[in-house]
Amino acid sequence: YSMNNVVSIKHANGLVSEYWHMAGSSITVRSGATVKAGQVIGVISNCGWAYGKHLHFALNAQGVTDPAITALRPSTSAARGNIDPVEYYKLKGIDLIHGR
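J.: Which parts of the structure should I look at to understand the overall build of the protein?
T.: When helices and strands are counted, the protein shows 2 helices and 4 strands. Counted from the first residue to the last, the protein has its helices and strands arranged as β-β-β-α-β-α. Its C-alpha atoms give the protein principal-axis dimensions of roughly 40 × 30 × 30 Å. Across the protein, every contact between residues at least 6 apart in sequence was considered, and the portion connecting residues at least 24 apart equals 39%.

Here's what the structure looks like:
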């Protein structure tokens, strides 16, 4: 995925957050680094298969064992373990759609 400049962060619960289409020269983290909440990891771009600047954010739950999170995985293998971020954050009491 290097042409899309992806930053993947593995969290303590096994969840992996992915940030796609970052400007390659702006990425501030390296493999194995510890990242803190709020830390700048890079700047959005339109690299890879993109038609304009944007952030493609994905959550991958392949390594997660928490049944509340694994229940969010789709039944198809095409999604490769990705879950809907809106539904995940609802579990955490955060409303991404309405900003609450």
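J.: Would you mind showing me how to read a nonpolar patch on the surface here?
T.: There is a patch of nonpolar side chains on the surface, built from V43, I44 and L55 and spanning about 240 Å² of accessible area. By secondary structure assignment, the location of L55 is in the loop between β2 (16-20) and β3 (56-60).

J.: Got a minute to help me understand the pairing of β2 in this structure?
T.: Strand residues, when the strand is regular, have side chains that alternate between the two faces of the sheet. Along β2, 5 of the 5 residues are buried, which leaves the element largely enclosed by surrounding structure. Across the two faces of β2 the burial is the same, with V16, E18 and W20 and S17 and Y19 all buried. Bridging between strand β1 (residues 7-10) and β2 involves 4 bridges; their strand directions are antiparallel. Counted as the bridge partner of V7 is Y19 from β2. Hairpin connection between β1 and β2: a loop of 5 residues separates the two successive antiparallel strands, and G14 in this loop has a positive phi of roughly 95°.

J.: Looking at this structure, how should I read the packing of aromatic side chains?
T.: In this description, an aromatic ring pair is defined by two values, namely the gap between the centres and the angle between the planes. Under the counting rule described, the total for this entry stands at 2 aromatic pairs. Taking the centre distance of 5.2 Å and the plane angle of 45° together, the rings of Y19 and F57 count as tilted. Residue Y19 is located in strand β2, and its partner F57 is located in strand β3; the two are separated by 38 residues in the primary sequence. When its relative accessible area of 27% is taken as the criterion, F57 is described as partly exposed. Centroid distance Y88 to Y89: 5.1 Å. Interplanar angle 80°. Geometry classified as edge-to-face. For Y89, a relative accessible area of 23% translates into the label partly exposed.

Calculation criteria
- Residues numbered from 1 in each chain as written.
- Predicted model: local features only at pLDDT ≥ 70, side-chain atom pairs only at ≥ 80, totals over all residues.
- Heavy atoms only, no water.
- Helix = DSSP H or I, 4+ residues; strand = E, 2+ residues; numbered from the N terminus.
- Contact = heavy atoms within 4.5 Å.
- Patch = residues over 30% accessible without salt bridge, like charges linked within 9 Å, V, L, I, M, F, W, Y side chains within 5 Å.
- Areas by Shrake-Rupley, 256 points an atom, 1.4 Å probe, with all protein chains shown as cover.
- Salt bridge = Lys/Arg side-chain N within 4 Å of Asp/Glu carboxyl O.
- Buried < 20%, exposed > 50% of the residue type's maximum accessible area, 1.4 Å probe, protein only.
- Pairing = 2+ DSSP bridges.
- Phe/Tyr/Trp six-rings, centres within 6.5 Å; stacked < 30°, edge-to-face > 60°.

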